[in-house]
Amino acid sequence: MEAKHEFTDQLPPEEKQYSYLNLGPTHPATHGIFQNVLKMDGEIIVEAEPTIGYIHRAFEKLAERRPFYQITPLTDRMNYCSSPINNMGWHMTVEKLLNIELPKRVQYIRIVIMELSRIADHIICNTIIGQDTGATTGFLYLFQMRERIYEIFEEICGARLTTNIGRIGGMERNIPKRAWEKIDAFMVDFPPALQEFTNLLERNRIFMDRTINCGSISAERALAYSFSGPNLRAAGVDYDVRVMTPYSSYEEFDFIIPVGTNGDTYDRFMVRQSEMWESMKIIRQALEKIKKEPAHIYKADVPEFVLPPKEEVYNNMEALIYQFKIVMGETDVPKGEVYHCVEGGNGELGFYLISDGGRTPFRLHFRRPCFIYYQAYPEMIKGSMLSDAILTMSSMNVIAGELDA
Amino acid sequence: MEGTDQEKIISALKEKFEGEILHAEMLYDFLTITLKKDQIISIIRHLYDHPDTQFQYLTTLCGIHYPDVNQIAVMYQLHSLQKNYRIRLKIYLPVESPVTPTLTTIFPAANWLERETFDFFGVIFEGHPNLKRILNVEDMIIFPLRKEYPLEDQTREDKNDTMFGR
Amino acid sequence: MTTSTGSITSNVTIGEKPDGYEGAGFFATSLDKVVGMARANSIWPLPFATSCCGIEFMATMGSHYDLGRFGSERLSFSPRQADLLMVMGTIAKKMGPILRQVYEQMAEPRWVISVGACACSGGIFDTYSVLQGIDRIIPVDVYVPGCPPRPEQILDGILKIQHLVETESRRRRESPEYKAMLNTYGIE
């Protein structure tokens, strides 16, 4: 009788053979183009090496060539899921440099627009988390709501996605009546739709089993990696730029900061869900406050930096001179360095602007939250399986445009 | 940031590094300190640990090229979440040999930020675990964000320079 | 083939019938037309979505604008099984070789639609790191301008692709002109 072979898959470390899997730049599951070469021991990931830069468009160099009002379309295309937040952040940076103080109504309008785009960004992220776990229905249902937000943006500025909304010193025109009606209709129709999506996934056994303890990170490591936004709040740290350094009258609004405990995928999903409900609270309060302000104000009264209306340009000599000076860049821009940050869909989106008094910036640096927290990805997926790695990546809401700039 | 907070931070810094401060000012309500380049890492470590300042969050770091004085500046921006202070530290490096120690020993977040600064300006960070290009193609030889290099693709033949004013 | 019963369906055109000779239980036409009709109404796209135009593509795939009703319900992420390469978004020079590899892996007949200003010509990014138009490395059939194009524009581009697919001759892909055109791109 021959001896029984003892088969074991626990080889000593020196004899272990690893396989390398290229989760390449084009992949259906990576929402955006970045590459990860995974060193795998069977199904478990041992190490990951990310490569980015596949959509590097040289924003920072491009910004040195354009006057301030032409940089807004560039900022659109960084986090293109929530373009208005980027635009408003840039406008606030330049207004800080030029010492322009905005009237309250304009600030409240900006808050409404920013919170709507935050809802739009979180819709994409959460429905894609649902889709990656196999629940495609949520994506198809909630995208209809995103179409409604697109329609609102279209009424205000003409574009759906890359909005170039607002101007330095206010808005380009007063918000039309149809836009207010659409916002009111949205505020009525969105809560039931969001509740429907919530009922599909929030207490769903399969979803919870799939996402709890998947890609978790502790609060200390998250702070060491300079996380911000929903990813940091899911780890337990309540850092929100809107509360810590309020801008655009956020200090007058009453909202809570939802915070998670484990920093895993389920917490990130839930933080974004709660943030959508909080954004709706903020929009309701802002709509109330806007009704109390005089209805004709839509920009600051700073003729040197804000373009006059076209009718005045054709009839009025002063308006013509201001228009010429602003467009040709003959206005007196002060020299200086300014940093302003806003709470973007992914975290602290900062703009560091150095102006040398000329028409174009001397240096413009974007503090992009995705770029900074994506560094922690190899650490977050070490020891987990391949499908968990995909889910972690989609729950971190990595947007390729913001990663590479 | 109020005057007293600013005083506290500068006095915390002056406890050990009085000689390193070249210039401190408030630019648009933001404390900006220009320092000598030699002991920047020890200074940041001191600000990290000091109980009055506790700058334990790295907001960003970037490079700036000043062609008229032939220097490349590295700007570090730190944030203290406990006390809500923000501070900007700038060091100036000569453009012929922009070398400075790495910040990854204190903040792991500085890893890719330093790679980006190396990619754009050529600043060498000594001690960095993986200093190679991150956003541009690997075999690029120039450092594109320096002011002497052009923005556009030089092999483009279908744009007429006289009409587009370059 | 139009249905004429009922008020809701009386204006619905399912598809145009090609010219042919019809009789009881048979329909005679040329093979080209039948194959063209079948191919045009069942294109499997490969969405090569890189940036903002990819989000507009997601909106086109959604239920409001619905790409699925044109036959493109099943997206193929593997180039081997795809008919139409939809390049949506900016292609940087780092991404160029990868786009080329994906195109070369596709089996004939294959079509390419370039969606968005960045894919057509570099768009607003006239910089050192952006490829100024994907037609520098692969041949393109239809260009859809816009930044980003509205979903209706993308659908218009897909309809033009459908027209090209329907009217293409069966022998085009083996013809010497086609091979010469591929040679100008360096593709064998």
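As a convention, each chain's residues are numbered from 1 in the sequence order in which they are written. For this description, chains carry letters from A and ligands carry numbers from 1, given in the order in which they are written. Where totals are concerned, whole chains, interfaces and linings use all residues; where local detail is concerned, this predicted model gives features only for residues with pLDDT of at least 70, and gives and counts side-chain atom pairs only at 80 or more.

Here we take up the overall build of chain C. The helix count covers DSSP runs of H or I at least four residues long, the strand count covers runs of E at least two residues long, and both are numbered beginning at the N terminus. When helices and strands are counted, chain C shows six helices and six strands. Seen in sequence order, chain C has helices and strands lined up from the N terminus as β-β-α-β-α-β-α-β-α-β-α-α. Principal-axis analysis of the C-alpha atoms gives chain C an extent of 65 × 40 × 25 Å. Put simply, 75% of the contacts in chain C that link residues at least 6 apart link residues at least 24 apart. Think of it this way: build a C-beta for each residue from its backbone, and any pair within 7 Å is a contact.

A word on the overall build of chain B. When helices and strands are tallied, chain B shows four helices and seven strands. Across chain B, helices and strands are ordered from the amino to the carboxyl terminus as α-β-β-α-β-β-β-β-α-β-α. To assign burial, the other C-beta atoms lying within 10 Å of each residue's own C-beta are counted, with C-beta atoms placed from the backbone; 20 or more indicates buried, 12 or fewer indicates exposed, and intermediate counts indicate partly exposed. Split into buried and exposed, the 166 residues of chain B put 34% on the buried side. Looking at chain B alone, contacts between residues at least 24 apart form 51% of all its contacts between residues at least 6 apart.

To count as a nonpolar core, a set of buried Ala, Val, Leu, Ile, Met, Phe, Trp, Tyr and Cys residues must be joined through C-beta atoms within 7 Å. One finds Leu85 and Val87 of chain C to be the most contacted residues of the largest nonpolar core, which totals 201 residues. Per-element tally for this core: the top contributor is helix α4 (residues 104-132) of chain A, with 14 residues. In this structure, Val87 of chain C is in contact with Phe48, Leu99, Val112, Ser114, Val115, Ala119 and Ile134 of chain C, ignoring residues within four places of it in sequence.

Our focus in this paragraph is helix α3 (residues 96-105) of chain C. All names here are of chain C. The complete set of buried residues in α3 reads Leu99, Val102 and Tyr103. Down the axis of α3, the buried set is contained in an arc of 100°. They therefore lie on one face. Turned more than 90 degrees away from the buried face of α3 sit Pro97, Gln101 and Glu104, all of them exposed. Its buried side turned inward, α3 meets β3 (45-49) and β4 (84-88). The directions considered for the arc run from the helix axis to the C-beta atoms.

Turning next to the interface of chain A and chain B. The interface is formed by 29 residues belonging to chain A together with 25 residues belonging to chain B. At the level of elements, α1 (59-63), α8 (219-224), β4 (335-343), β5 (348-356), β6 (363-367) and α14 (369-373) of chain A are the ones that each hand at least two residues to the side of chain A that touches chain B. The residue inventory of the side of chain A that touches chain B, partitioned by class, reads 14 nonpolar, seven polar and eight charged. Each residue is assigned to one of three groups, with Ala, Val, Leu, Ile, Met, Phe, Trp, Tyr, Cys and Pro labelled nonpolar, Asp, Glu, Lys and Arg labelled charged, and all others, Gly among them, labelled polar.

Residues and elements named next belong to chain B. Tracing the backbone through its elements, the reader meets Leu78 in strand β4 (residues 71-80). For Leu78, a count of 22 C-beta atoms within 10 Å corresponds to the buried category. Residues Leu78 and Tyr57, spaced 21 residues apart in sequence, show a C-alpha to C-alpha distance of 5.9 Å. When residues no more than four places from it in sequence are discounted, the contact partners of Leu78 are Leu47, Phe55, Tyr57, Leu58, Thr59 and Ile87.

Residues and elements named next belong to chain A. Fitting a line to C-alpha atoms yields each axis, with helices limited to the stretch in contact; the angle taken between N-to-C directions then spans 0 to 180 degrees. Running from N to C, helix α11 (residues 265-291) and helix α16 (residues 386-395) point in directions that differ by 25°, and their axes come no closer than 10 Å. When the interaxial angle is binned, α11 and α16 end up roughly parallel. As α11 packs across α16, the resulting crossing turns out to be left-handed. Of the residues in α16, those in contact with Thr265, Arg268 and Phe269 of α11 are Leu391, Thr392 and Ser395. Working rule for angles: under 35 degrees goes down as roughly parallel, over 145 as roughly antiparallel, 65 to 115 as roughly perpendicular, anything else as oblique. Put simply, a crossing is left-handed when the front helix is turned counterclockwise from the back one by less than a right angle, and right-handed when it is turned clockwise.

With that settled, the discussion passes to the interface of chain A and chain C. Taken residue by residue, the interface counts 25 residues in chain A and 26 residues in chain C. Elements with a contribution of two residues or more to the side of chain A that touches chain C: α1, α5 (136-157) and α17 (400-404) of chain A. Tallied by class, the residues present in the side of chain A that touches chain C amount to 14 nonpolar, six polar and five charged.

Here the focus is the sheet that holds strand β5 (residues 85-94) of chain B. All names here are of chain B. Taken in spatial order, the five strands of this open sheet run β1-β2-β5-β4-β3, and their pairing is mixed. Looking along the sheet, the strands with just one partner apiece sit at the ends: β1 (21-27) and β3 (57-66). Direction aside, neighbouring strands of the sheet carry axes that sit 20° apart on average. When DSSP finds two or more bridges between two strands, those strands count as paired. In the sheet, strand β2 (residues 30-35) pairs with β5 via five bridges, with the strands oriented parallel. Pairing of Thr34 across the sheet is with Lys90, part of β5. Seen against the sheet, helix α3 (residues 110-121) touches β3 and β4 and runs at an angle of roughly 10° to β3.

Glancing now at the pairing of β4 of chain A. Put simply, side chains in a regular strand alternate between the two faces of the sheet. Residues and elements named next belong to chain A. Sheet topology places β4 next to β5; nine bridges connect them, and they run antiparallel. Considered in β5, the bridge of Tyr339 is made with Tyr352. Joining the antiparallel neighbours β4 and β5 is a turn of four residues, in which Gly347 adopts a positive phi near 145°.

Attention now goes to the sheet that holds β4 of chain A. Residue and element names in this part refer to chain A. Spatial strand order, β4-β5-β6: three strands in an open sheet with antiparallel pairing. A single partner strand is all that each edge strand has here, and the edge strands are β4 and β6. Sheet twist, expressed as the average angle between the axes of neighbouring strands with direction ignored, equals 10°. Two elements, β5 and β6, share five bridges in a ladder whose sense is antiparallel. Within β6, the residue paired with Leu353 across the bridge is Leu364.

Residue and element names in this part refer to chain A. Remark: helix α3 (residues 83-98) packs on α4, axes separated minimally by 7 Å, with the N-to-C direction vectors making an angle of 140°. Across the interface between the two elements, Ser83, Pro84, Ile85 and Met88 from α3 touch Arg110, Ile113, Met114, Ser117 and Arg118 from α4. Residue composition of the contact of α3 with α4, grouped by class: five nonpolar, two polar and two charged.

This brings us to the confidence of the model for chain C. Residue and element names in this part refer to chain C. On average, chain C scores 88 in pLDDT, and the residues at 70 or more come to 95%. Confidence of the predictor at the level of single residues is captured by pLDDT, which takes values from 0 to 100. Low pLDDT, under 50, characterises residues 1-5; the predicted model gives this stretch seven contacts beyond four residues in sequence or across chains. Here the predicted complex scores 0.92 on pTM and 0.92 on ipTM.

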